[in-house]
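# Examination of the molecular architecture
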Amino acid sequence: MNSFLRLKNISCYPGIRMMHARYVKHKFTKHCHEGYAFGVIEHGNLGFRYRGESLCASAGNINLVNPDEPHDGHDFEQKGWQYRMFYLEPFVLSEIMEELTNRENELPFFQDGVIVDKGLANGLLRIHTDILDNELCTLEIEERLFEFFLQFVMRYADSKVQDKKYTKSLPAVKKAKEYLLAHCSE
C-alpha cells in the first residue's frame, strides 16, 4: 500500500476544501484546524486523541473534529489508513445553523469524534467521490453539500452551540494568529 494525497478547493463553494489520502506510516502530531473537519474512513483504522479520549475510526466510520479542538492522528493497527475529508470554514455550518434556527452566528458543536452511521458515511463517500472525480455542475455540488451537512447537523450536533471553553484565551489566540500571518515570511 503506497501513500498518496489529493487536495481540491471547491471553487463554487468557498470555505470548503477536500482531501483524499492514504497514509502508511504517518503520524500527525497534536494540532488543530480553524474550521470543521469531516471525513469517512475507506480502508484501515485511524487512531486519534480527541477531547481527552483515544479514539479509533474504522472503515465505514465518520471521523470529525470541531474548530480549534486539539487532536492528533495515527495508524491504529500499523496497516495504514485511507480516508476522504472535507474541511469547512466555520461560516459554512453557521449558514446551515441559521437556516435551522433563524439565529445568526451560531456554530454547531459535535460531541463525538467518531460516528457510526452507515447511511451518512456512504452519503459522505459518494458526495466526496463525485465532486473530486467527476464533473458536476455548480448547482448540484452546492445542493448536495448543503443537504448533506444539514442532515449531519440535524442528526449529530448537540443542542448547545459551539463550546465556549476557550473564551478567555480567544483574544490572545487571535493576536498570535494575526502576528504569525503578518510575519509568516520571516
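Quick note: structure is the one above.
Residues numbered from 1 in each chain as written. Predicted model: local features only at pLDDT ≥ 70, side-chain atom pairs only at ≥ 80, totals over all residues. Heavy atoms only, no water.

Along strand β2 (residues 16-23), seven of the eight residues are buried, which leaves the element largely enclosed by surrounding structure. Pairing between strand β1 (residues 4-9) and β2: six bridges, direction antiparallel. The residue of β2 that forms the bridge with L5 is A21. A loop of six residues connects β1 with β2, the two strands running antiparallel in sequence, and G15 in this loop sits at a positive phi of about 100°. Pairing geometry for β2 and strand β8 (residues 81-88), over eight bridges, is antiparallel. When the sheet's bridge partners are listed, M18 is paired in β8 with F86. (Buried < 20%, exposed > 50% of the residue type's maximum accessible area, 1.4 Å probe, protein only. Helix = DSSP H or I, 4+ residues; strand = E, 2+ residues; numbered from the N terminus. Pairing = 2+ DSSP bridges.)

This paragraph deals with the nonpolar core. Counting residues in hydrophobic clusters, the biggest one holds 32 residues, and the most contacted among them are I10, F86 and L145. For this core, the elements supplying multiple residues, two or more each, are β2, β4 (36-50), β6 (62-65), β8, α1 (90-101), α2 (118-133) and α3 (138-156). Each residue touching I10, except ones within four places of it in the same chain, is listed here: I16, M18, F86, I131, I141 and L145. I41, Y50, L55 and M85 belong to the second largest nonpolar core, which has 15 residues in total. (Core = buried A, V, L, I, M, F, W, Y, C linked by side-chain atoms within 4.5 Å. Contact = heavy atoms within 4.5 Å.)

Tracing the backbone shows E89 in the loop between β8 and α1. Since its relative accessible area comes to 35%, E89 is described here as partly exposed. For E89 and N122, which are 33 residues apart along the polypeptide, the C-alpha to C-alpha distance reads 23 Å. Once you skip the residues sitting within four places of it in the chain, E89 turns out to touch G15, R17 and G35.

Limitation: the analysis is restricted to geometry and does not speak to function.
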